[in-house]
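# Overview (structure and organization)
Next come the chains, spelled out residue by residue.
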Amino acid sequence: MQKKQNYSSPYQLEGRIPLGQAILYGLQHVMAMFVGNLTPVLLITGACALDGGLQLQIIQNAMLMAGLITLLQIFTIGPVGAKLPIVMGTSSGFIGVCSGVASTMGQGIVTYGAIIFASFIGGLFETVLGFFLKPLRRFFPSLVTGTVVMAIGLSLISVGINSFGGGNNNGDFGSLPNLFVGTVVLVTIILLKHFTKGVTSTASILIGIVVGYIVCGIMGMILPTTYQYIDPNTQETVTKTCSWVLDFSKVSDASWFAVPAFMPFGFSKDMIDLRAIIPIVIMFIVTAVETVGDTSAITEGGLAREATDKELSGSVICDGLGSSIAAFFGVLPNTSFSQNVGLIAMTKIVNLFAISTGAIFLVLCGLFPKLAAIIQMMPQSVLGGAAVMMFASIVVSGIQLVTKDGVSNRTVTIVSVALGLGYGLGANTEVLSNLPQFVELIFGGSGIVPAAIIAMILNIAIPKDKEAA
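Residues numbered from 1 in each chain as written. Predicted model: local features only at pLDDT ≥ 70, side-chain atom pairs only at ≥ 80, totals over all residues. Heavy atoms only, no water.

Counting its secondary structure elements, the protein chain contains 19 helices and four strands. Projected onto its principal axes, the C-alpha coordinates of the protein chain cover approximately 65 × 60 × 55 Å. Taken across its 469 residues, the protein chain has 54% of its residues classed as buried. Considering only intrachain contacts with a sequence separation of at least 6, the fraction spanning at least 24 residues in the protein chain is 79%. For the protein chain, the exposed area adds up to about 19800 Å²; of that, 66% sits on carbon and sulfur atoms. On the protein chain, the mean spot of the 21 positive side-chain charges and the mean spot of the 22 negative ones are 13 Å from each other. (Helix = DSSP H or I, 4+ residues; strand = E, 2+ residues; numbered from the N terminus. Buried < 20%, exposed > 50% of the residue type's maximum accessible area, 1.4 Å probe, protein only. Contact = heavy atoms within 4.5 Å. Areas by Shrake-Rupley, 256 points an atom, 1.4 Å probe, with all protein chains shown as cover. Lys, Arg positive; Asp, Glu negative; His and termini not counted. Charge placed at Lys NZ, Arg CZ, Asp CG, Glu CD.)

Right, here's the structure in full:
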C-alpha cells in the first residue's frame with residue numbers, strides 16, 4: 001500500500017504540517033520558556049549552596065525532563081496527558097516554598113534532597129487528585145477558570161516588563177540599550193504578525209527574537225559593552241558587562257555531549273523530612289489549580305472552546321506524575337508553563353506536531369549542552385520584547401472566558417473581589433507578614449492562589465437566582 005502524507009493547518013490540533021514550519025513554531029515555544037525553566041533550578045540549588053558541577057548536572061536534567069514530560073503531555077499514555085499543546089517545565093511557583101524549606105533546614109545536599117523527595121511525594125498526591133478531578137469540575141466553571149487565567153496573566157506581566165528592561169538584578173536595568181532592544185523585538189513581532197502572511201506571520205515571535213540577537217550583536221560592535229556602578233556594600237566602583245551583550249563564552253565552554261545523571265546526589269533517610277513534605281505537598285494542590293487554569297486558557301485561547309473533563313484530568317495527572325519522574329533526576333516539580341499559554345493565545349498555533357518539535361529540541365539540549373548554551377545566552381531584553389505581548393494575551397484569554405456567558409452583577413462582583421482582594425493580597429506579600437509563615441509561603445508571591453480560592457468561594461456563595469436585576 002502506498003502511504004499518503006496528509007498535511008494539516010498549524011491552527012488544527014491534529015495532523016502534520018511541513019517539518020520546517022513545525023520546527024520554527026516549536027522553537028518559538030522553547031525560546032519563550034527556556035530561561036524560566038532554568039531559573040528555579042539556579043535559585044534553589046543556589047539557596048542550598050550546591051557545588052557548581054552538581055548544579056550543571058541538574059540544569060542539564062531539567063532541560064531533558066521538560067522535553068520528555070511535554071511529549072508525555074502532548075501524546076499521552078493512557079489517562080496521563082491532555083493531548084493538548086501544553087509545554088511543561090520547572091515550576092517557578094515552588095521557588096517561595098522551597099526557599100522557605102532551605103532557610104528552615106539549612107544549606108547542603110540533604111536539604112536539596114529533602115526538597116526533591118517532597119516533590120516526589122507531592123507529585124504522586126497531585127496524580128491521585130487528577131483522577132478525581134471530574135467530580136470537582138463543578139467548582140471550576142468558566143467564570144472561575146477565567147478569573148484564574150486572568151490572575152496568571154497579571155502575575156506574568158511584571159515578569160515580562162522586568163525582562164524588557166534587562167532584568168532588575170542587573171545594574172543596567174532600564175538602560176536605553178536594553179529598552180531599545182526590547183522595543184525592536186516587540187515592533188518586529190507586531191509588524192510581522194499583522195503586516196505579513198504565511199510563515200513570517202505565524203513565526204513572528206521566533207523571528208523577532210532572532211532579530212533581537214542580531215541587534216545585540218551589532219550593538220556589541222559599536223557601543224561600550226561594560227558599565228560601572230558603586231557597590232552599596234563595599235562602596236567600591238565595580239565594572240560589569242552590559243546585560244544585552246551576547247556571551248559566546250557560554251557556547252564555547254559547553255561540552256558537545258553529556259549523559260544525564262540519574263539521582264545525581266543519591267538518597268539518604270535524612271532526606272525524608274516533614275518540614276519539606278508538608279508545605280511542598282500543599283503547594284501541589286495550588287499547582288493543580290494553576291494547571292486547570294492553564295489548560296482552560298489553551299482550549300479557550302487556541303481552540304475557542306472549554307476544556308473537557310478528560311483534558312483537565314489528564315493535564316493534572318501528567319503534572320503530578322511528571323514531577324515525580326523528574327525527582328529521580330534531581331529536578332524540581334514540572335508543571336504547565338503559563339508563558340507558552342500566552343504564546344498560543346497570541347498565535348493560535350495549536351498543532352501538536354509543531355509543539356512536539358520544540359519538546360524534542362529541549363531533549364536534545366539536555367543531551368547536547370552547546371545547543372542549550374545558544375539559547376541560554378539570550379539577553380533578558382530580547383526575551384522581554386516578546387514576553388510583554390505574550391503575557392498580556394493570557395489576560396485577554398481570561399477575559400474571554402469570564403465574559404463567555406455574559407456579564408452580570410454576579411460576574412462583576414466575583415471577578416472584582418477575586419482580583420482586587422485575592423490577587424492584590426498575593427501580589428503584595430508584605431500584607432501577609434503578620435500571619436503564620438505557611439500562609440505567606442502558599443498565598444504570597446503571585447496572587448494566583450488567593451484569587452482562585454476567593455473566586456471558587458464566591459461562585460458557591462452567590463447563587464445565580466439571587467442576582468440583582
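This paragraph deals with the pattern of salt bridges. The final tally for this structure, using the stated rule, is three salt bridges. Between Glu14 and Lys83 there is a salt bridge; the shortest N-O distance is 3.8 Å. Residue Glu14 is located in the segment before helix H1 (19-47), and its partner Lys83 is located in the loop between helix H2 (52-75) and strand E1 (88-90); the two are separated by 69 residues in the primary sequence. For Asp273, the salt bridge goes to Arg275, with nearest N and O atoms at 2.9 Å. By relative accessible area, which is 45% here, Arg275 ends up partly exposed. (Salt bridge = Lys/Arg side-chain N within 4 Å of Asp/Glu carboxyl O.)

Turning to helix H14 (residues 352-367), a few remarks are in order. Working note: α-helix, 3.6 residues per turn, so residues spaced by three or four point in the same direction. Compared with the 22 Å implied by 1.5 Å per residue over 16 residues, the 23 Å span of H14 between its first and last C-alpha is a close match. Among the 16 residues in H14, 13 count as buried, and that is most of the element. (Expected span 1.5 Å × (residues − 1).)

In this section: the packing of helix H6 (residues 142-164) against helix H16 (residues 380-402). Relative placement of two packed helices is described by the angle separating their axes and the distance separating the axes. With their axes 7 Å apart at the nearest point, H6 and H16 run at an angle of 165° to one another. By the criterion of interaxial angle, the relationship of H6 to H16 is roughly antiparallel. Crossing geometry of H6 relative to H16 is assigned as left-handed. Residue composition of the contact of H6 with H16, grouped by class: 20 nonpolar, 13 polar and no charged. (Axes fitted to C-alpha atoms, helices over the stretch in contact; angles between N-to-C directions. Parallel < 35°, antiparallel > 145°, perpendicular 65-115°, else oblique. Left-handed = near helix turned anticlockwise from the far one by under 90°. Nonpolar A, V, L, I, M, F, W, Y, C, P; charged D, E, K, R; others polar.)

If you look at the biggest cluster of nonpolar residues, it comprises 131 residues, and the most contacted ones within it are Phe34 and Tyr112. Top contributing element to this core by residue count: helix H11 (residues 274-303), with 12 residues. Judged by nonpolar contacts, the second largest core, of seven residues, contains Ala22, Tyr25, Ala203 and Ile349. (Core = buried A, V, L, I, M, F, W, Y, C linked by side-chain atoms within 4.5 Å.)

A few words on empty space enclosed by the protein. Under the criterion given, the structure shown has three cavities of 30 Å³ or more. If you add up the space inside the largest cavity, you get close to 50 Å³. Elements that contribute at least two residues to the lining of the largest cavity include exactly H6 and H11. Ranked by residues supplied to the lining of the largest cavity, first place goes to H11 with three residues. Classifying every residue of the lining of the largest cavity by side-chain character gives three nonpolar, four polar and four charged. (1 Å grid on protein atoms, 1.4 Å probe; cavity = no way out; pocket = protein on both sides within 12 Å on 5 of 7 lines; lining within 4 Å. Points joined across faces, edges and corners; volume = space filled by probe spheres on them.)

This part takes up the pairing of strand E2 (residues 226-230). Bridge count between E2 and strand E3 (residues 237-241): five bridges; the pairing is antiparallel. Opposite Tyr227, over in E3, you have Lys240 as the bridge partner. Adjacent in sequence and paired antiparallel, E2 and E3 are bridged by six residues, among which Gln235 carries a positive phi angle near 60°. (Pairing = 2+ DSSP bridges.)

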